[in-house]
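Fold and contact review
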Amino acid sequence: MLDDIDGYSVIARLRRLPRGLIAVLALSLALNSIGAGWGLPNVRSWSNDDPTARVPLRIGEIWCCGDNKYPYLQPLITRAVYEPVLAWWRVRGDVVTPCDDLADEDCHRRPFEQLGLLMRLSRLLAALMGAGTVAAVYALAWRLYADRRAALFAAFAAAVIHELVLFSHWGNVDVPYLFWFAWSIVAFVDIVDRGRVRDYAAFGLLSSAALSTKESIVGAYVLVGAAILVLHARRALAARPPGQAAPYALQRSVTADPRLTVLLVCLFGFYGLVNNVVFNWAGFQAHVGHWIGGTGIDPWNDRFTGHAALLATFMARLRDAVGWPWLAAAGVAVVWATWRDRRTAWVLLPAVSYYLFTIAPIRYAYTRFTLPVAILLAVPLGWLAARAFAGSANDRRGGRWIAQRVLALTLALAFVHAFLYSVHADVMLLTDGRFAAERWLTVEVPRDVDVVAIGSPSYLPRLDWLGYEIERLDDDEASLAAVLAENADVVVTTRRARAPGIGADATLVDELVAAGYTVRYDAASPAPLAPLLGTAYIESRVNPTTVILTRGRAAAPGAAP
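Description of the structure in this document.

The rules behind each value
- Residue numbers here run from 1 along each chain, matching the order of that chain's written sequence.
- Two thresholds apply to this predicted model, a pLDDT of at least 70 for residue-level local features and 80 or more for giving and counting side-chain atom pairs, whereas whole-chain, interface and lining totals are computed over all residues.
- Only hydrogens and water are set aside when side-chain values are computed; all heavy atoms of the structure are taken into account.
- Numbering of helices and strands runs from the N terminus; a helix is a DSSP stretch of H or I covering at least four residues, while a strand is a stretch of E covering at least two.
- The criterion used for residue contact is that any of the two residues' heavy atoms lie within 4.5 Å.
- Note on method: axes are straight lines fitted to C-alpha atoms, helices fitted across the in-contact stretch only, with angles between N-to-C directions ranging 0 to 180 degrees.
- Each angle gets one of four labels, with under 35 degrees taken as roughly parallel, over 145 as roughly antiparallel, 65 to 115 as roughly perpendicular, and the rest as oblique.
- Charged residues are taken to be Asp, Glu, Lys and Arg, nonpolar residues to be Ala, Val, Leu, Ile, Met, Phe, Trp, Tyr, Cys and Pro, and polar residues to be all remaining types, Gly included.
- Strand pairing is assigned whenever DSSP detects at least two bridges linking the two strands.
- We define a salt bridge as a side-chain nitrogen of Lys or Arg found within 4 Å of a carboxyl oxygen belonging to Asp or Glu.
- Whether a residue is buried, partly exposed or exposed follows from its accessible area with a 1.4 Å probe, protein chains only, as a fraction of its type maximum: under 20%, in between, or over 50%, in that order.

**Some thoughts on the side chain of Asp 174**
Along the polypeptide, Asp 174 turns up in helix α8 (residues 174-193). Non-local contacts of Asp 174, meaning those with residues more than four positions away in its chain, are made with Phe 167, Lys 214 and Arg 368.

**Comments concerning the packing of helix α2 (residues 19-33) against helix α6 (residues 148-159)**
Interaxial distance between α2 and α6 falls to 10 Å at its minimum, and their mutual angle equals 5 degrees. Accordingly, the angle class assigned to the pair α2 and α6 is roughly parallel. The segment α2 lies against α6, with Gly 20, Leu 21, Val 24, Leu 27, Ser 28 and Leu 31 engaging Leu 152, Ala 155, Phe 156 and Ala 159. In terms of residue class, the contact of α2 with α6 is built from eight nonpolar, two polar and no charged.

**Observations concerning the sheet that holds strand β2 (residues 470-473)**
The five strands are arranged β2-β1-β3-β5-β4 in an open sheet whose pairing can be described as mixed. Since the sheet does not close on itself, it has two edges, and those belong to β2 and β4 (518-523), each with one partner. Each adjacent strand pair in this sheet contributes to an overall mean axis angle of 20 degrees, direction not counted. Its contacts with the sheet put helix α19 (residues 433-444) on β4 and β5 (546-550), and the angle it makes with β4 is roughly 145 degrees.

**Here's the deal with the pattern of salt bridges**
Note on pairing: side chains with opposite charge can pair once their charged atoms come close. Following the criterion strictly, the structure yields 24 salt bridges and no others. Notably, a salt bridge pairs Arg 44 with Glu 105, separated by 4.0 Å at the nearest N-O pair. Placement of the pair is Arg 44 in the loop between α2 and α3 (54-65) and Glu 105 in the loop between α4 (73-92) and α5 (111-145), with a sequence separation of 61 residues. The partly exposed category is assigned to Arg 44, whose relative accessible area is 24%. Between Asp 101 and Arg 58 there is a salt bridge, with the nearest N and O atoms lying 2.7 Å from each other. With Asp 101 in the loop between α4 and α5 and Arg 58 in helix α3, this pair connects stretches of sequence that are 43 residues apart. Residues joined in a network through salt bridges with shared partners are Arg 143, Asp 190, Arg 194, Arg 196 and Asp 199.

What follows is the structure in structure tokens.
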């Protein structure tokens, strides 16, 4: 079990981990790591919201005097991981001196390889934190049910969550904040059960770490914080001496009991330190302003059509994140586990709180936004699986035995589906269609032609890495006139049909064809596991359709896919 480590070394505790948990963590790490070379080497990630290696390399300046859309904990941790490699590069002379900004490609003698290596380190860190989140789910299920089998099934259910596996491949902040959040809920259950000073301190530090990674998780703590206050007050009233007035007992629980003070100091002290709130107030204001009435939220919730529609959208996104069999099984588990074991409510509380106080106020939901709810649902799902797979094969009791076997088979199929869904994510990362487009370009298109790239580099082949001299046109400036003004021999873009909101739309492609260009390449990689899964959602940043048009010097006939 994952329990407190006082009196033991970390190594001794690791040796005592159940073999089943070690196997699940190994599976999680494997799923999180296969395909980690997606889009590398590169100077920027193909995951459009991935700040590595740029932000960690600038975090010193940002922390001191600048600002960033996300808090600073993960860039600080990542920079610590980078530092030994950077020191070695300085010794070898791979960092060009003088260099004022390590995020500048010109500071590196081999920018694609060097920045690509740093991104690999960020992805390794994310893979480890993804597996650490699975370990937290195990610990949480154990705390609630004291059932090793339920904890193991819960960990497995979390390990095969498609969206968790996918985002554990990238340097985005989604998995890191999830890691801290999951462990903070473990500390919350410790407060419920024991309420020691160190439980309060652990909750304060872990929840602060989650907020210092991505503040959108704040909604999950609203009802959790209220529950802690209620529990604290009830304990104070239960422990008051005979004849002591209730108001006085409550006052003493705040003024004479250090636990709430410790929690608040850990929470706000750590957050303020990590984000340099005191000495970089202007940067903190800019960061907060980005999300409150700023560009971080305003453009995204214009399609809000009511809270009923928002809830339906959130459930659809949750289905995409975990697969519909996993979600259906979790729905049954929530009802059954809450009915049979009321302690399940402690893990559902932050899930409900997150929806009410994060999703409902911002009024939009992406698939990754459902991850906090998904990992919490894995806990009652583990409870249900433990009961479905319990019992002796000789214990045949008619209809009850048959119902249990049917439930076990149904859950097994749901877990297999979820596992294949996660493998599907790895396969799509390994076979992203841009790799094939790059191979086609190197054979069919000379390096000395004029190339125009339309859209974000996060959705395009690595044209600069291949050695092409390119002109970039953003989505809002892409037009037939703009392309013709560049006198481009080759146009490389993506189709909106596969990646909404990016690349050239069908009208522009048709206009280019009418102007004398020829579509030579128009393809994405097939999804070989999709027929087995029924539905196989994948983030639009993975495997967008690449469209390549040529004319003039680059228009020699060649085999299109």
